[in-house]
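Residues per chain, in single letters:
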Amino acid sequence: MFDFGEHTRADGDIVAPQTDVTLSSSLGLFDRNQPTEQQIRRELRGTLEACLRKRAELFARSCTPGGERQGLMVKRETADGMEPVEDDHPWLRLLRQPNKHRSAYIWYYWTRFAADVQGSAPHVVRDDGLGTPEALLEVFPSFGRMREKINREGGPAGYVYRKTDGRREDLGPEDVVQVKRIDPTTPHGTMSILESLAHEVSSDRAAAEFRQKSYSEGRPPMMYLSTEDNIGAEKAREQGQRFKSTYMAPNGEVKGVPVFHGGMEPGSLGIDPDSYQMLESQELDHDVIFRVTGINSALMDQGSNRAEAEQAERSVLKMTIQPLLNQVSAQLTMSLRRAFGADDTLRVVAPNVAPKTAEEQEQIAEKRIARGVPPAEVMREQGEE
């Protein structure tokens, strides 16, 4: 029985295993299945690459201000609620221009892309002469690997930066800002989309390689049935579909010995049934890629009309990009508090990028006009004459 009259709490020392804490203090903990630079280059292609680039594009566009977009904001908690900080606040300046080498849009694009393909996007904090953070410098895989150290409570105790030239840098928790794709099994690990899609990526690559080989040798990936009888186009399609469903089913098992009649016989253009089924399964692989990356297939389909593409983008912004913005805002908040030594009143706030319907936009416009905003200004913001 528990004695609730006695106040006891777990000590932080009992949370993380002593072996992990000791190992991380000297070496940094390894991210178990984090892809290497070579693996990223090998696996990142085709449908997966297109989906990840679309994620990065929409994410970067949402993080940077422009037009009606506010981008990431910094707010301060007061007795009256949350209020925006002043325009020259150092947090806001850093978010609007993370470093002088790349635009803010490219910085956010890379951050999302890197976190997706390698599990994390680490940045080293550079201070000005007075010790105030003034830049966030990307740690590209070609530069080296950033390993996180944990304390006895599972929090960040610092980082070990192993450069590709063999040098090692020990950095404090305040020296690194890291955007991570969280691993549910460990505080220091990550889980990249490449890990999540390892099987599907391999299938996609194998199918692409086979298709390229087939066409380069002048052999389209098809087989045919021929007959001397004039059976007509409709009958021919029916016979082809019947053969496919009977002898080339998705499970890959021939259901019997093909027996032809009426002078019909099979012909081959250089593809076997197993290879044909592999190409058929590519459609399923694409569906999995779309689902895991959160990208609507209509957004990537060149055959989609404008209405379908716009609806698909609204869906992706609401269901995929908004949660990513919320996660990154929380991670940036904790990192910037450590970097600046700030209190808990400052917070990075994600913009609401879920598109509004025409009715919602009209209601907002009516309320703004009622508050005194000139109708011409509202119309100009909405792109109306």
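Before reading further, recall that the structure is shown in the block above.
These figures come from a predicted structure and were not determined experimentally.

K.L.:
Explanation requested: the nonpolar core in the structure shown.
P.N.:
One finds Leu95, Tyr108, Ile321 and Leu332 to be the most contacted residues of the largest nonpolar core, which totals 54 residues. The element best represented in this core is helix H11 (residues 306–340), accounting for ten residues. Excluding residues that lie within four positions of it along the chain, leucine 95 makes contacts with Leu72, Val74, Ala104, Tyr108, Leu332, Leu336 and Val348. Of all hydrophobic cores here, the second largest spans six residues; its members include Val139, Met146, Tyr159 and Leu171.

K.L.:
I keep staring at the sheet that holds strand S11 (residues 346–349) and nothing clicks. Help me out?
P.N.:
Within a sheet, neighbouring strands are paired by backbone hydrogen bonds and run either parallel or antiparallel to one another. Taken in spatial order, the three strands of this open sheet run S2-S1-S11, and their pairing is antiparallel. In this open sheet, the two edge strands, each paired with only one partner strand, are strand S2 (81–84) and S11. Put simply, the sheet's adjacent strands are angled 40 degrees from each other on average, direction ignored. Alignment of strand S1 (residues 73–78) against S2, held across four bridges, turns out to be antiparallel. When the bridges of S2 are listed, glutamate 77 appears paired with methionine 82.

K.L.:
I'm lost on the sheet that holds strand S4 (residues 133–138) in this one. Help?
P.N.:
The strand order across the open sheet formed by three strands is S4-S3-S8, and the pairing between neighbours is antiparallel. The strands lining the two open edges of the sheet, one partner per strand, are S4 and strand S8 (176–180). Between one strand and the next, the sheet's axes are offset by a mean angle of 25 degrees, whatever the strand orientation. Two elements, strand S3 (residues 120–127) and S8, share five bridges in a ladder whose sense is antiparallel. Residue pairing across strands places proline 122 opposite glutamine 178, the latter belonging to S8. Here helix H5 (residues 104–118) sits on the sheet and contacts S3, S4 and S8; the angle it forms with S3, its principal contact strand, is near 135 degrees. Running at roughly 170 degrees to S8, H11 makes contact with S3, S4 and S8 of the sheet.

K.L.:
Hey, could you run me through the environment of serine 142 in this one?
P.N.:
As for its position among the elements, serine 142 is in the loop between S4 and strand S5 (144–150). Once the C-alpha coordinates of serine 142 and threonine 36 are considered, the two residues, 106 residues apart in sequence, prove to be 9.8 Å apart. Leave out the neighbours within four places in its chain, and serine 142 touches Glu37 and Thr164.

K.L.:
Help me understand a negative patch on the surface, please; the structure alone is not making it clear to me.
P.N.:
Taken together, Glu359, Glu360, Glu362, Glu366 and Glu384 make up a surface patch of like negative charges. Under the relative-accessibility criterion, glutamate 366 is labelled exposed at 54%.

K.L.:
Just checking my understanding: could you explain the layout of surface pockets for this structure?
P.N.:
To find the voids left in a structure, one rolls a probe of water-molecule size over its atoms. What the second largest pocket holds in volume is close to 390 Å³. Among the elements of the structure, helix H2 (37–43), helix H3 (46–63) and H5 are those that each provide at least two residues to the lining of the second largest pocket. Ranked by residues supplied to the lining of the second largest pocket, first place goes to H5 with six residues. Class assignment for the residues of the lining of the second largest pocket results in nine nonpolar, two polar and four charged.

K.L.:
Could you clarify how one ought to interpret the packing of aromatic side chains in this entry?
P.N.:
Aromatic rings considered in pairs are described by the distance between their centres and by the relative angle of their planes. Using the criterion set out here, one finds six aromatic pairs in the structure. Judged by centre distance (4.9 Å) and plane angle (90 degrees), the ring pair of tryptophan 107 and tyrosine 108 falls under edge-to-face. With a relative accessible area of 2%, tryptophan 107 lands in the buried category. Summarising the aromatic geometry, the rings of phenylalanine 140 and phenylalanine 143 are spaced 5.2 Å apart at their centres and angled 80 degrees between planes, so their arrangement reads as edge-to-face. On the accessibility criterion, phenylalanine 143 (42% relative accessible area) is partly exposed. What links up through ring pairs into an aromatic cluster is the set Tyr105, Tyr109 and Phe113. Stacked on the ring of phenylalanine 59, the Lys or Arg arginine 112 has its end atom at 5.4 Å from the ring centre.

K.L.:
Looking at this model, I keep getting lost on the environment of serine 24. Mind explaining?
P.N.:
Tracing the backbone shows serine 24 in helix H1 (residues 18–26). Here the alpha-carbon distance between serine 24 and histidine 188, two residues 164 residues apart in the chain, equals 9.9 Å. With residues up to four places along the chain from it excluded, the contact list for serine 24 reads Leu29, Lys149 and Ile150.

K.L.:
Mind showing me how you'd approach the pattern of salt bridges here?
P.N.:
Side-chain pairing between opposite charges can occur once the charged atoms of the two side chains come close. Evaluated as defined, the whole model comprises 15 salt bridges. In this structure, the salt-bridge partner of arginine 55 is aspartate 116, at a minimum N-O distance of 2.8 Å. Highlighted residues: arginine 55 in helix H3 and aspartate 116 in helix H5, separated in sequence by 61 residues. The salt bridge involving glutamate 148 is made with lysine 180; its shortest N-O contact spans 3.2 Å. Here glutamate 148 is found in strand S5, whereas its partner lysine 180 is found in strand S8, with 32 residues between them in sequence. For the pair glutamate 148 and lysine 180, a shared accessibility class is recorded, and that class is buried.

K.L.:
Would you explain H11 in this entry?
P.N.:
Spacing of three or four residues puts side chains on the same side of an α-helix, whose turn is 3.6 residues. At leucine 317, H11 shows its largest kink, close to 40 degrees. For H11, the N-terminal capping position is held by asparagine 305, with its side-chain oxygen 3.2 Å away from the main-chain nitrogen of alanine 307. Glycine 341 lies just past H11 and shows a positive phi near 65 degrees.

K.L.:
Just to check I follow, could you spell out H3 for this structure?
P.N.:
In this model, H3 (18 residues) spans 26 Å end to end at C-alpha, consistent with the 26 Å of a helix rising 1.5 Å per residue. Looking at H3, one finds that the buried residues are Thr47, Leu48, Cys51, Leu52, Lys54, Arg55, Ala56, Leu58, Phe59, Ala60, Ser62 and Cys63.

About the thresholds
- Residues numbered from 1 in each chain as written.
- Predicted model: local features only at pLDDT ≥ 70, side-chain atom pairs only at ≥ 80, totals over all residues.
- Heavy atoms only, no water.
- Core = buried A, V, L, I, M, F, W, Y, C linked by side-chain atoms within 4.5 Å.
- Buried < 20%, exposed > 50% of the residue type's maximum accessible area, 1.4 Å probe, protein only.
- Helix = DSSP H or I, 4+ residues; strand = E, 2+ residues; numbered from the N terminus.
- Contact = heavy atoms within 4.5 Å.
- Pairing = 2+ DSSP bridges.
- Axes fitted to C-alpha atoms, helices over the stretch in contact; angles between N-to-C directions.
- Patch = residues over 30% accessible without salt bridge, like charges linked within 9 Å, V, L, I, M, F, W, Y side chains within 5 Å.
- Areas by Shrake-Rupley, 256 points an atom, 1.4 Å probe, with all protein chains shown as cover.
- Salt bridge = Lys/Arg side-chain N within 4 Å of Asp/Glu carboxyl O.
- Lys, Arg positive; Asp, Glu negative; His and termini not counted.
- Charge placed at Lys NZ, Arg CZ, Asp CG, Glu CD.
- 1 Å grid on protein atoms, 1.4 Å probe; cavity = no way out; pocket = protein on both sides within 12 Å on 5 of 7 lines; lining within 4 Å.
- Points joined across faces, edges and corners; volume = space filled by probe spheres on them.
- Nonpolar A, V, L, I, M, F, W, Y, C, P; charged D, E, K, R; others polar.
- Phe/Tyr/Trp six-rings, centres within 6.5 Å; stacked < 30°, edge-to-face > 60°.
- Lys NZ or Arg CZ within 6 Å of the ring centre and 35° of its normal.
- Bend = angle between axes of the 7 residues up to and from the residue.
- Polar contact = N/O pair within 3.5 Å; in protein donor to acceptor, adjacent residues only side chain to side chain.
- Expected span 1.5 Å × (residues − 1).

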